[in-house]
Amino acid sequence: MGTEHSKNEGRRSMVFLRKGPKLPAWEDALLSGKEPKSLLKRGLRYVSLSLIMKGMTSAPDFLWGLPEVQKLNLSCNQLVVIPPSLGKLDRLVVLNLGGNCLKCLPKEIGLLRNLKVLFINMNCLTEVPAELSLCRKLEVLSLSHNCISQLPLSFTDLTSLRKLNLSNNRFVQIPLCIFALRSLDFLHLGSNRLENIAESVQYLVNLQIFIVENNNIRTLPRSLCFITSLELLNVDYNAIQTLPDNLYLLRRLPRIAWNPMDKGLHIAHNPLSRPLLEVIEGGLDVLFNYLREKKEHN
């Protein structure tokens, strides 16, 4: 009987162990005696490391001893802070910190002089360190879904920046430093608290996609019509009543667009005055002809 009882207890113990939480792959590897470098993946372009969705509240210390990593994904965890040791990874080209609980970034991020792509979307940031502007090779930056209301003036130094996502933040006006970013071809400022667009927007001469949907914008500046590279202009869900007469200069806008992914002019859900609302129903060509004729008669 005693032997049978011991066997049953053993079986129950084994079942309990099997049902225990499974260790993340990186913890399992380290506990089995493997070197942290064994976690790196060497692709054609980058040496990468992905620790996505590991439930981490802090980054593991072994990370800072892997200076060869070029692409690091720490997204969709519960990280509260990134330590200054981040600066040791000075070969990083792509860094994804999206979907965490970060309230600030270390100033040492400015040491990442090879960084080209940075995602810090869906965090709790209220400000961005001025040192980020030292990452002069940065081409893509997403700061969407945070609590940011202003940017450092030093951002004017990010002259290589092509794509900037600042949507779902707390901007009341477009930061002045943005108008100095002449290489921008994509700018997303949707779902903020914007009340106007400054005339200085005309300096974004390479802009192709400009999204300012879901704000409090009442008028569009005349200078916006001089950004003839625009292929998508989204001003849906604002308070716009009239349109600038020169809007017909934006000849690369192919249509009145209704699908969010389509190129064209998105102008839905605005209190447009008559006869604009009826004119728009006829399509973009009809609208542009109306505006052209209106200008000629004035």
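No experiment lies behind these values; they were computed from the predicted model shown. (Residues numbered from 1 in each chain as written. Predicted model: local features only at pLDDT ≥ 70, side-chain atom pairs only at ≥ 80, totals over all residues. Heavy atoms only, no water.)

K.L.:
I tried to follow the overall build of the chain on my own but got confused; where do I start?
P.N.:
Within the chain one finds 4 helices and 11 strands. Looking at the 298 residues of the chain, the share that counts as buried comes to 45%. Taking the intrachain contacts of the chain between residues at least 6 apart in sequence as the baseline, contacts between residues at least 24 apart amount to 31%. As presented, the chain carries roughly 15,800 Å² of accessible surface, and 52% of it is formed by carbon and sulfur atoms. (Helix = DSSP H or I, 4+ residues; strand = E, 2+ residues; numbered from the N terminus. Buried < 20%, exposed > 50% of the residue type's maximum accessible area, 1.4 Å probe, protein only. Contact = heavy atoms within 4.5 Å. Areas by Shrake-Rupley, 256 points an atom, 1.4 Å probe, with all protein chains shown as cover.)

K.L.:
How do you make sense of the sheet that holds strand β6 (residues 140–142) when you look at a structure like this?
P.N.:
Through backbone hydrogen bonds, the strands of a sheet pair up, either in parallel or in antiparallel fashion. Overall, mixed pairing links the 11 strands, which are arranged β1-β2-β3-β4-β5-β6-β7-β8-β9-β10-β11 in an open sheet. With partners counted over all chains shown, the strands left at the sheet margins are β1 (41–42) and β11 (264–266), one partner each. Pairing between strand β5 (residues 117–119) and β6: 3 bridges, direction parallel. Its bridge partner being in β6, Phe119 is matched across the sheet by Ser142. (Pairing = 2+ DSSP bridges.)

K.L.:
Help me understand the packing of aromatic side chains, please; the structure alone is not making it clear to me.
P.N.:
For any two aromatic rings, the description comes down to two numbers: the centre-to-centre distance and the angle of the planes. Tallied over the entire structure, the rule returns 0 aromatic pairs. The positively charged end of Arg292 is found above the aromatic ring belonging to Tyr248, 4.7 Å away from the centroid. (Phe/Tyr/Trp six-rings, centres within 6.5 Å; stacked < 30°, edge-to-face > 60°. Lys NZ or Arg CZ within 6 Å of the ring centre and 35° of its normal.)

K.L.:
Teacher, can you tell me more about the pattern of salt bridges here?
P.N.:
As a working rule, side chains carrying opposite charge can pair if their charged atoms are close by. In this structure the tally under the stated criterion is 8 salt bridges. Among the salt bridges present, the one from Glu139 reaches Arg162, with a minimum N-O distance of 3.6 Å. Taken together, the residues Glu139 in the loop between β5 and β6 and Arg162 in the loop between β6 and β7 (163–165) connect sequence positions 23 residues apart. A salt bridge links Asp245 to Lys294, with the shortest nitrogen-to-oxygen separation between them at 3.8 Å. With Asp245 in the loop between β10 (232–234) and β11 and Lys294 in helix α4 (residues 284–297), the pair connects residues that are 49 residues apart, well separated along the chain. Overlapping salt bridges bring together Glu139, Arg162, Lys163 and Asp185 as one network. (Salt bridge = Lys/Arg side-chain N within 4 Å of Asp/Glu carboxyl O.)

All quantities given are derived from atomic positions and should not be read as evidence of function.
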